[in-house]
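Coordinate analysis (summary)
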Amino acid sequence: MGKRIDLVGQQFGRLTVVRLSQHVHRNGNAMWVCQCSCGNVVEVDGYALRHGLTTSCGCARREASAARMRRLNSQGAQDGQPTNVKGLTVPRRNNQTGVVGVSYQPGSGRWLARMQLHGKVVLNATFPSFPAAVLARKQAEKQFLAGVVQTTRNPSEQIRAGLLKPPFGDAAAIVARIRLAYE
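So, here is what we can say about the structure in this document.

What counts as what
Every chain's residues receive numbers from 1 upward, in the order its sequence appears when written. The predicted nature of this model means local features are confined to residues of pLDDT at least 70 and side-chain atom pairs, given and counted, to a pLDDT of 80 or more, with totals for whole chains, interfaces and linings taken over all residues. The side-chain figures draw on all heavy atoms in the structure; neither hydrogens nor water molecules are used. Here, any two strands with at least 2 DSSP bridges between them count as paired. Helix and strand assignments come from DSSP, with helices taken as H or I runs of at least 4 residues and strands as E runs of at least 2, each series counted from the N terminus. Here an angle of 0 to 180 degrees is reported between the N-to-C directions of two axes, which are lines fitted to C-alpha atoms, with helices fitted over the stretch in contact. We call a pair of cysteine sulfur atoms a disulfide when they lie within 2.5 Å. Any Lys or Arg side-chain nitrogen found within 4 Å of a carboxyl oxygen on Asp or Glu counts as a salt bridge. Here's how the labels work: a residue is buried when its accessible area is under 20% of the maximum for its type, exposed when over 50%, partly exposed in between, all with a 1.4 Å probe on protein chains only.

Another point: the sheet that holds strand β7 (residues 120-127). With antiparallel pairing, the three strands of this open sheet are ordered in space as β5-β6-β7. Both outer strands of the open sheet, β5 (102-105) and β7, are each paired with one neighbouring strand and no more. The sheet shows a mean angle of 25° between the axes of neighbouring strands, taken without regard to direction. Of the pairings in the sheet, the one linking strand β6 (residues 110-117) to β7 comprises seven bridges and is antiparallel in character. If you follow Trp-111 over to β7, its bridge partner there is Phe-127.

Here it is as C-alpha cells:
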C-alpha cells in the first residue's frame, strides 16, 4: 500500500478538504471530509478528488441541470405559443411500448405514464397494468392538448389531422388553396 497523500487545505473545484475521514472507500482508497462552497459537507474518495472526478457536493450538477432545463424551455414552446402536438403524441423510433409517455419500470413491476407540457410535468403516475397506463396517458392528452394547434410548416397537414379547423368553406378547397400557396 502506498503512502497517503495529505490533502487537507487543498481545493478541488468547489470542494475544500477539511480532514481525513474515519471511513475507507470500498475500493480501499482514503475518504476525505470536504466542505463545498455552497456550505454542504461531504465525504469524497481521495482518488476522485485528485483526478477531478468529484468537484462539488452535487450542487454543480443540479445547477447545470436547472440551467439546461431553463435553456430548453426558452427554446421550446412557452405558454401562449403553439405546441408541437406531433412530438407529444407520435412514438419515436426507440419507443418500446408503442405509446408515447408510457414505459415499464422493472424495479417496481409497474407501468409509468408521463406527460410534460411547457416544461411542466402534468402527468407522472404508475399503474399495475399497461392498459391502465395507456388510458391515463390518453386522458391526459385529451385534457391538456384540447385546442392546442400543432406547429408545422404546412397548415394542410393540420387540417387533415383534425388539429386545425378551416376558417370557412369546404375543407378540400381550402387544402387545395394552401397547397398552391406552399408550392
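Time to look at the state of the cysteines. Inspection of every chain in the model, using the stated rule, returns zero disulfides. Lacking any disulfide linkage, Cys-36 is separated from the closest cysteine sulfur, that of Cys-59, by 3.6 Å.

Attention now moves to the pattern of salt bridges. This model, assessed by the stated rule, comprises three salt bridges. Between Glu-63 and Arg-14 there is a salt bridge whose closest N-O contact spans 2.9 Å. Separated by 49 residues along the polypeptide, Glu-63 in helix α2 (residues 59-75) and Arg-14 in the loop between β1 (11-12) and β2 (15-24) bring together distant segments of the chain. For Glu-63, a relative accessible area of 43% gives the class partly exposed. Across the pair Lys-138 and Glu-141 runs a salt bridge, and its minimum N-O distance is 3.9 Å. Of this pair, Lys-138 and Glu-141 both sit in helix α4 (residues 130-145), separated by three residues, roughly a single helical turn.

The buried count for strand β3 (residues 30-36) comes to five of seven residues, which makes it a mostly enclosed element. Judged from the six bridges that link them, β2 and β3 form a sheet pairing that is antiparallel. Each bridged residue has a counterpart across the sheet, and for Leu-20 the counterpart in β3 is Trp-32. With antiparallel pairing between neighbouring strands as the criterion, β2 and β3 make up a hairpin whose turn holds five residues, including Gly-28 at a positive phi of roughly 95°. Judged from the five bridges that link them, β3 and strand β4 (residues 41-45) form a sheet pairing that is antiparallel. Directly across from Val-33, in β4, lies its bridge partner Glu-43. What sits between β3 and β4 in their antiparallel hairpin is a turn of four residues, with Gly-39 showing a positive phi close to 110°.

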